[in-house]
Amino acid sequence: RLGLNTKFLGHSIHYLDSTDSTQKVAHKLSQEGCPEGTIVIAEEQKNGRGRLTRHWYSPKYTGVWMSIVLRPNLSPQKAPQFTLIAAIAVVQAIEELTNVLPEIKWPNDILINGKKVTGILTELQADVDKIDSIIIGIGINVNQQLSDFPDELQSIATSLAIESGRKITRAKLIQCILMKIEKYYHVYLEKGFAPLKILWESYAISIGKEIIARTVTGEIAGRAIGITNEGILKIEDDAGIIHEIYSADIEIKK
Ligand code: BTN
């Protein structure tokens, strides 16, 4: 139905009119042993989930709310890299289908003109040393107008339609993203993360900037100097000490 030209990604599509969370459905399918490349797409999520137990606003017919199941034969430490791979795919698909240039804010936000248009949530089912499945959830605000967002989101969120001034066909966007994820997944399996790290850094806004990283254990301020081969953010503080950040909210200082 999506006219996909992929080898495996999206060959099994679970399309739902309404659901709690495509992430939840994908977890269940994965536990039941669904094939790699299975995707779940919903027109609406009643309980869309963001990082750090936040809610993800997912109204009907206006966005892309999608989860992808991958089963790479890797250790769980590699999982954060998949957020970055998905982000590259989404940025490139947006560039291809619109006239806007999105940027990536580590680890998982895609921004246009400083406002969030996409969030990516990567979750794992794994043993200590082996991934069973990686579930990549992608939420893209596509055709909302500003007034469609709840008040508290209006100053921080945006959609592709707001930024590009036209309506975007969601099926085309999904198709484009899936083809790119498949392509970069193969690059990753064949060549590792190094070529993707360079690509990712070329879209990243935080690199080279003064930032504050808020983690569960506290704040670290300094200059974001890049990401490691694992996809972990490196920050150099004023004393020249380099901190490796696995998970945080990032504020970019002006
Ligand atoms: C974030 O920025 O915090 C991540 C948001 C991820 C939202 C997507 S929408 C599809 C999938 N299903 C969910 O419940 N969440 C992800």
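J.: Residues and numbers for the packing of aromatic side chains, please.
T.: In this structure the tally under the stated criterion is 4 aromatic pairs. Ring centres of Phe 8 and Tyr 185 lie 5.9 Å apart, and the angle between their planes is 50°; this geometry places the pair in the tilted category. Taken together, the positions of Phe 8 in the segment before strand 1 (13-16) and Tyr 185 in helix 4 (residues 170-191) put the pair 177 residues apart, joining distant regions of the chain. Ring geometry for Tyr 188 versus Phe 193: centroids 6.4 Å apart, planes at 75°, classification edge-to-face. Classification of Tyr 188 as buried rests on a relative accessible area of 6%. Taken together, Phe 8, Phe 82, Tyr 185, Tyr 188 and Phe 193 form an aromatic cluster joined through their ring pairs.

J.: Hey, could you go over the pairing of strand 10 (residues 233-236) for me, with residue numbers and the actual values?
T.: Successive residues of a regular strand alternate their side chains across the two faces of the sheet. Of the two faces of strand 10, only one is covered, namely that formed by Leu 233 and Ile 235; the face formed by Lys 234 and Glu 236 stays uncovered. As paired strands, strand 9 (residues 218-227) and strand 10 are joined by 4 bridges and run antiparallel to one another. From the neighbouring strand, Ala 224 faces strand 10, where its bridge partner is Ile 235. Taken together, strand 9 and the strand that follows it, strand 10, pair antiparallel across an intervening segment of 5 residues, in which Gly 231 is found at a positive phi of about 90°. Bridge analysis of strand 10 against strand 11 (residues 242-245) gives 4 bridges, and the strand direction is antiparallel. When the bridges of strand 11 are listed, Lys 234 appears paired with Glu 244.

J.: Pulling in residues and values, what's your account of the sheet that holds strand 9?
T.: Read across the open sheet, the 5 strands follow the order 11-10-9-8-12; overall the sheet is antiparallel. Here the strands that pair on one side only, and so sit at the sheet edges, are strand 11 and strand 12 (249-252). For this sheet, the mean angle separating the axes of adjacent strands, direction not counted, is 45°. Taken together, the 6 bridges between strand 8 (residues 210-215) and strand 9 define a ladder with antiparallel strand orientation.

J.: An account of the nonpolar core is requested, with residue identities and associated values reported.
T.: Counting 61 residues, the largest nonpolar core has Ile 68 and Ile 138 as its most contacted members. The element contributing the most residues to this core is helix 2 (residues 80-97), with 11 residues. When we break this core down by domain, the ones giving at least three residues each are domain 1 (13-203) and domain 2 (210-252).

J.: Report on the side chain of Thr 38, specifying residues and quantitative values.
T.: Tracing the sequence through the fold places Thr 38 in the loop between helix 1 (22-31) and strand 2 (39-42). A distance of 2.6 Å separates a polar atom in the side chain of Thr 38 from the backbone oxygen of Pro 35. Ignoring sequence-local partners within four residues, the contact set of Thr 38 consists of Ser 12, His 14, Leu 29, Ser 67, Ile 68 and Val 69.

J.: Describe in detail the pattern of salt bridges, supporting the description with residues and values.
T.: Applying the stated criterion across every chain, the model contains 15 salt bridges. The salt bridge partner of Asp 20 is Lys 24, with a shortest N-O separation of 2.9 Å. Among the ionic pairs, Arg 170 bridges to Glu 43, the shortest N-O distance being 2.9 Å. With Arg 170 in helix 4 and Glu 43 in the loop between strand 2 and strand 3 (63-70), this pair connects stretches of sequence that are 127 residues apart. Residue classification places Glu 43 among the buried positions, given a relative accessible area of 10%. One salt-bridge network, held together by shared partners, links Arg 51, Arg 54 and Asp 249.

J.: Describe the site of the ligand, listing the residues and the values that go with them.
T.: Taken together, 21 residues surround the ligand, and among them Ser 21, Gln 45, Arg 49, Arg 51 and Lys 116 come closest. Within the side chain of Gln 45, a nitrogen or oxygen atom sits 2.9 Å from a nitrogen atom of the ligand. A distance of 2.7 Å separates an oxygen atom of the ligand from a polar backbone atom of Arg 49. About the coverage of the ligand: the protein hides 98% of its 420 Å² of free accessible area. For the shell around the ligand, a count of residues per class yields 6 nonpolar, 11 polar and 4 charged.

J.: Account for the sheet that holds strand 5 (residues 109-112), with residues named and values stated.
T.: One open sheet accounts for 7 strands, arranged 1-2-3-7-6-5-4; its pairing is mixed. Strand pairing shows two members of the sheet lacking a second neighbour, strand 1 and strand 4 (103-105), which therefore form its edges. When the angles between neighbouring strand axes are averaged without regard to direction, this sheet yields 20°. Along the sheet, helix 1 makes contact with strand 1, strand 2, strand 3, strand 6 (115-126) and strand 7 (131-141), crossing strand 7 at roughly 160°.

Cut-offs and rules
Residues numbered from 1 in each chain as written. Predicted model: local features only at pLDDT ≥ 70, side-chain atom pairs only at ≥ 80, totals over all residues. Heavy atoms only, no water. Phe/Tyr/Trp six-rings, centres within 6.5 Å; stacked < 30°, edge-to-face > 60°. Helix = DSSP H or I, 4+ residues; strand = E, 2+ residues; numbered from the N terminus. Buried < 20%, exposed > 50% of the residue type's maximum accessible area, 1.4 Å probe, protein only. Pairing = 2+ DSSP bridges. Axes fitted to C-alpha atoms, helices over the stretch in contact; angles between N-to-C directions. Core = buried A, V, L, I, M, F, W, Y, C linked by side-chain atoms within 4.5 Å. Domains from an automatic or database assignment. Polar contact = N/O pair within 3.5 Å; in protein donor to acceptor, adjacent residues only side chain to side chain. Contact = heavy atoms within 4.5 Å. Salt bridge = Lys/Arg side-chain N within 4 Å of Asp/Glu carboxyl O. Near = heavy atom within 4 Å. Areas by Shrake-Rupley, 256 points an atom, 1.4 Å probe, with all protein chains shown as cover. Nonpolar A, V, L, I, M, F, W, Y, C, P; charged D, E, K, R; others polar.

All we've got here are geometric facts, nothing functional implied.
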